[in-house]
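Per-entry structural report
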Amino acid sequence: MAATSDQGFAVPVVPLSSGKPMPRVGLGTASFPHCDDGDQPHVRDAVLCGIDAGYRHFDTAAVYGTERAIGDAAAEAVRAGTLASRDELYITSKLWIADAHPGRVLPALRKTLRNLQMEYVDLYLVHFPVSMKPQEGGAGAILVKEDLVAMDMKGVWEEMEECHRQGLAKAIGVSNFACKKLEYLLSFAQMIPAVNQVEVHPYCRQNKLRAFCREKGIQLCAYSPLGGKGAPWANNSVMESPIIKQIAQDMGKTVAQVCIRWVYEQGDCVIPKSFNDKRMRENLDIFDWELTDDARHKISSLQEFRGTYDFFVHDSGPYKTAEEFWDDEIAAGHPAN
C-alpha cells in the first residue's frame, strides 16, 4: 500500500490503530533555533519542494514555529493543482509542555489548526512526558528547567481523546515516551496512542521500546534518523561514523540513505529533515534496495547513545536524572566527537 505523488513516486504507508495510514517516510521541519511562527518562506519553499519530490507526510510541532509555513505550502500546492486537496497530506503536530495541562490541550490544538489553516491534523502528539508551568502572558522562554512539573498524564490524555472525538485530530499519540511511561498511560487510556515518536538511528536502536510498542499496537516513528545534525542534542557521530561511511561506500549509497533504510527495515516510520532539494530526493530513494546482512550485523554492534538526553532533567523538577526520564532505556548521552 502506498501514497503516490503526481510524479508517480510511491511512498509506502502503514495502517495505524486510528486515522488514515501514515506514509512511512515524512519530512521533518524543526529548525534550530526554533522559528517564530510568522512568515517562513524558506520552510514554505522546502515543503513545496518536498511535495514535488513525493513527500506527503510533514512533521511539525507548536514549538517549532513552522506550522504556518506548512499550511501556506499546502494551500499553495492545492491552488496550483499539485495536490487535489489537503486530504492528500499527512500532517503531524505536537502539544508543547507548557500546554500539557488539563484545560489547555484543546485550545493549543485549535491554535495549531489556525496556524496550519486546516480543519484537522492527521496526528497530534504529546511532545514530552513532562509539563512546564505556563509562562506569563503565554510567551517567554521555550524551556525553563526550574518551571518543569510532573504531568497530569490522565487529565492531559483525556483531553487528547476529546481532540479525537471532536474530529480535530484524526489520530493521537505520544513522543519521547519510554516503556514504563507508556505502560502507565495504557493503564487508563480509553484510546491507545496510535504512534510513539522517538529518537531512532543506528546508534540509538530502541529495540526494547520497539518490541513493547509492537506488542501494544503502537507504531514507532523515528525522529533524528541521521543523528539530529544542527539540533541542540546533535553530534556528528552518526553521519561521521566510519562504519556507516564504509557501508555506504560499499553499497554506492549516501550515509543518510543507509541510516534511513536501516530505520525503515525495522518497521518504523522515519522523519528525516533536510531543506535541500537534492538531499530530500535522495532520502526518498530507499525503497528498491536492502542492506546486506553484514551491514545489519555491523549496525547492531554499534555502541548506543541518546542525543535527546537530559533537557528535561533538573533538581527541582519531576525527573532528577536522565535515567529516570528515560526509564533506564539507552540513558547514556552521546560520546564526544
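Here, residues in each chain are numbered from 1, in the same order as that chain's written sequence. Where local features are concerned, this predicted model is filtered to residues with pLDDT of at least 70; where side-chain atom pairs are given and counted, the filter is 80 or more; whole-chain, interface and lining totals use all residues. Derived side-chain values reflect all non-hydrogen atoms in the structure, with water molecules and hydrogen atoms excluded from consideration.

**Here's the deal with the overall build of the protein**
Note on conventions: DSSP H or I runs of at least 4 residues are helices, E runs of at least 2 residues are strands, and numbering of each starts at the N terminus. Across its full length, the protein carries 11 helices and 13 strands. Working definition: with a 1.4 Å probe on protein chains only, accessible area under 20% of the residue-type maximum means buried, over 50% means exposed, and in between means partly exposed. For the protein, the residues scored as buried account for 55% of the 337 residues in total. Taking as baseline every contact in the protein between residues at least 6 positions apart, the subset at least 24 positions apart corresponds to 71%. Roughly 13,700 Å² of accessible area belongs to the protein as shown, and the carbon and sulfur atoms make up 50% of that amount. Only heavy atoms enter the contact rule, under which two residues are in contact if any of them lie within 4.5 Å. Where accessible areas are quoted, they stem from the Shrake-Rupley method and a 1.4 Å probe; at the residue level, only the protein chains shown are allowed to cover.

**So, the packing of helix H5 (residues 179–186) against helix H6 (residues 207–216)**
Axis definition: a line fitted to C-alpha atoms, over the contacting stretch in the case of helices. Angles run 0 to 180 degrees between N-to-C directions. Where H5 meets H6, the axes come as close as 10 Å, and the angle between the chain directions of the two elements is 20°. Relative to H6, the element H5 is oriented roughly parallel. As H5 runs across H6, the sense of the crossing is right-handed. Of the residues in H6, those touching H5 at Cys179, Leu182, Glu183 and Leu186 are Lys208, Leu209, Phe212, Cys213 and Lys216. As a working rule, the residues Ala, Val, Leu, Ile, Met, Phe, Trp, Tyr, Cys and Pro are called nonpolar, Asp, Glu, Lys and Arg charged, and the rest polar, with Gly in that last group. Partitioned by chemical class, the residues of the contact of H5 with H6 number six nonpolar, no polar and three charged. Roughly parallel here means an angle under 35 degrees, roughly antiparallel means over 145, roughly perpendicular means 65 to 115, and every remaining angle is called oblique. In this scheme the crossing of two helices becomes right-handed for a clockwise turn of the near helix relative to the far one and left-handed for an anticlockwise turn of less than a right angle.

**Focus: the pairing of strand S6 (residues 90–95)**
Across the six residues of S6, six count as buried, placing the element largely inside the fold. Two strands form a pair only when DSSP identifies at least two bridges running between them. With three bridges connecting them, strand S5 (residues 57–59) and S6 associate as parallel partners. For Phe58, the partnering residue across the bridge sits in S6 and is Ile91. Remark: the S5/helix H2 (residues 67–80)/S6 crossover connection has right-handed handedness. Bridge count for S6 against strand S7 (residues 123–126) is four bridges, and the pairing is parallel. Handedness is read with the strands pointing away from the viewer; a crossover is right-handed when the path from the first strand over the helix to the second is clockwise.

**Digging into the UniProt feature "site: Lowers pKa of active site Tyr" (unreviewed entry) in the protein**
UniProt positions are given in the numbering used here, feature names are shortened, and annotations may be inferred rather than shown by experiment. Residues annotated by UniProt as "site: Lowers pKa of active site Tyr" (unreviewed entry) correspond here to Lys94. Its location among the elements puts Lys94 in strand S6. A polar side-chain atom of Lys94 sits 2.8 Å from the main-chain carbonyl oxygen of Thr60. N or O atoms within 3.5 Å of each other form a polar contact, as long as, within protein, one can give a hydrogen and the other can take it, and as long as residues adjacent in sequence are counted only when both atoms are side-chain atoms.

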